[in-house]
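Structure assessment
Here are the chains, one letter per residue:
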Amino acid sequence: MNIYELVRQKGLRLNISPRTIKTYQHCLKVFFKTVRIDPLKLKKRDIENYIYHLIDQKRSSSTINVHLSSLKFFYQKVLNRRLTIYIPLQKNVKRLPEFLTVAELKKVFAAIDNPKHLLMIKLLYSAGLRVSELCNLRVKDLQLEQSYLWVRQGKGRKDRSTVISKYLINQLMSLIQNEQLSNSDYLFSPYSKRRSYHPRSIHAIVKKASIIAKVRKNIHPHTFRHSFATHLVEQGNSIQEVQPLLGHTSIRTTMKYLHMARPNINNVISPLDQLEMY
């Protein structure tokens, strides 16, 4: 019995995203490699013991939660067995995501000498894209004359539109013309027009640039999305305006960028200054 293929088939039937299915498969591989039992003989106590083992190892709450969700999916949806388990989902520590200042962005951009790579990273930032969304962009998704693009089947399998920087429009048009791309081609491809960049390649570009730029932050592709949203809020755009650009279902998800945005402190007087005036 190939349990990982069963998970894939069941996940597709339930309209679960391919990324989530791969996560479930990975967690199950780790689980069965650790416990070494017949999947058909899996019992509730095996799951409980494993989750407590992860807790004892002080694994992060997000790691514990995804392993528990994966095991529940396999037990309930694949094996069709009821699971009553009293381990609550671990509470995630609320940390604000890191973002880059304008000065740091300029340093990172200056550290990328490949023109196509630079265009990719600038588009990632300027449109607030996830790395997978950047990799999956096709020429037909761009509406250059109107300065926006379509993200097709983004997170949650939703379509959305977001802005394109007017500064990048001529560069994108030149790329399409020089590489003779058709509407159905990927916008960015390493070799063949029918192949997209792998997210790992984008990670490598960002990592190399951050080292050369000597920016002392843990920069990854998603950092540019956080920077996009934070800078929009700092520029005075409302949360209601930013939310659809990011594709957030709940406005509460977008609200964190209010806390990240630097306040306009030019006209704010410290209370100590007020006190010293009298």
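Presented here is a report on the structure given in the accompanying data block. (Residues numbered from 1 in each chain as written. Predicted model: local features only at pLDDT ≥ 70, side-chain atom pairs only at ≥ 80, totals over all residues. Heavy atoms only, no water.)

Focus on helix α4 (residues 61–78)
Rules: Numbering of helices and strands starts at the N terminus; helices are DSSP runs of H or I of at least 4 residues and strands are runs of E of at least 2. Expected span of a helix, by definition, is 1.5 Å for each gap between consecutive residues, and there is one gap fewer than residues. Exposure categories follow from relative accessible area, calculated using a 1.4 Å probe and restricted to protein chains: below 20% of the type maximum is buried, above 50% is exposed, and the middle band is partly exposed. Whether two residues are in contact is decided by their heavy atoms, any of which lying within 4.5 Å being enough.
For α4, spanning 18 residues, the distance from its first C-alpha to its last is 25 Å, which sits close to the expected 26 Å at 1.5 Å a residue. Listed in full, the buried residues belonging to α4 are S61, I64, N65, H67, L68, S70, L71, F73, F74, Y75 and V78. Residues of α4 that are buried make contact with α1 (3–13), α2 (18–35) and α3 (44–56).

Concerning the pattern of salt bridges
The criterion, for reference: Every case where a carboxyl oxygen of Asp or Glu lies within 4 Å of a side-chain nitrogen of Lys or Arg is listed as a salt bridge.
Tallying each qualifying case throughout the model produces 7 salt bridges. Linking R8 and E5 is a salt bridge whose minimum nitrogen-to-oxygen distance equals 2.8 Å. Placement of the pair is R8 and E5 together in helix α1, with a separation of 3 residues, close to one helical turn. With a relative accessible area of 27%, E5 lands in the partly exposed category. A salt bridge links K116 to E179; the shortest N-O distance between them is 3.0 Å. Of this pair, K116 sits in helix α6 (residues 115–127) while E179 sits in the loop between α8 (166–178) and α9 (199–213), placing them 63 residues apart in sequence. Accessibility expressed as a relative area gives 16% for K116, which makes it buried. With relative accessibility at 26%, the residue E179 sits in the partly exposed group. Among the charged side chains, a salt-bridge network with shared partners connects R130, E133 and R160.

Side note on the sheet that holds strand β3 (residues 160–163)
Here is the rule we go by: We treat two strands as partners when DSSP finds at least two bridges between them.
Strand order in the open sheet formed by 3 strands is β1-β2-β3, and the pairing between neighbours is antiparallel. In the strand order of this sheet, the two ends are held by β1 (142–143) and β3, each with one partner. Pairing of strand β2 (residues 148–151) with β3 involves 4 bridges; the strand directions are antiparallel. Each residue of the ladder has a partner; that of Y148, found in β3, is V163.

Some remarks on the packing of aromatic side chains
Worth spelling out the cut-off: Only rings of Phe, Tyr and Trp enter the pairing, Trp through its six-membered ring, and a pair is recorded when the two centres are within 6.5 Å. The plane angle decides the type: under 30 degrees is stacked, over 60 is edge-to-face, the rest tilted. Only Lys NZ and Arg CZ are tested; either one counts as a charge over a ring when it is within 6 Å of the ring centre and within 35 degrees of the ring normal.
Taken as a whole and assessed by the stated rule, the structure comprises 6 aromatic pairs. Taking 5.0 Å as the distance between ring centres and 35 degrees as the angle between the ring planes, the aromatic pair formed by Y24 and F73 counts as tilted. Of this pair, Y24 sits in helix α2 while F73 sits in helix α4, and the two are 49 residues apart along the sequence. Ring centres 4.9 Å apart and planes at 75 degrees place the aromatic pair F31 and F32 in the edge-to-face group. Note on F31: relative accessible area 0%, which makes it buried. Among the aromatic residues, ring-to-ring pairing joins F31, F32, Y50 and F74 into one connected group. For the cation-ring pair, R138 lies above Y186, with the distance from its terminal atom to the ring centre recorded as 3.9 Å.

What about the environment of D159?
Cut-off, in case you're wondering: For the purposes of these results, a polar contact is taken to be a pair of N or O atoms within 3.5 Å, where, inside protein, one atom must be able to donate a hydrogen and its partner to accept one; residues adjacent in sequence count only when each atom of the pair is a side-chain atom.
Topologically, D159 is positioned in the loop between β2 and β3. Given a relative accessible area of 39%, D159 falls into the partly exposed group. Linking D159 and G247, residues 88 residues apart in sequence, is a C-alpha distance of 8.2 Å. Each residue touching D159, except ones within four places of it in the same chain, is listed here: V151, R152 and Q153. A polar contact is formed between the side chain of D159 and the side chain of R152, at a distance of 3.4 Å.

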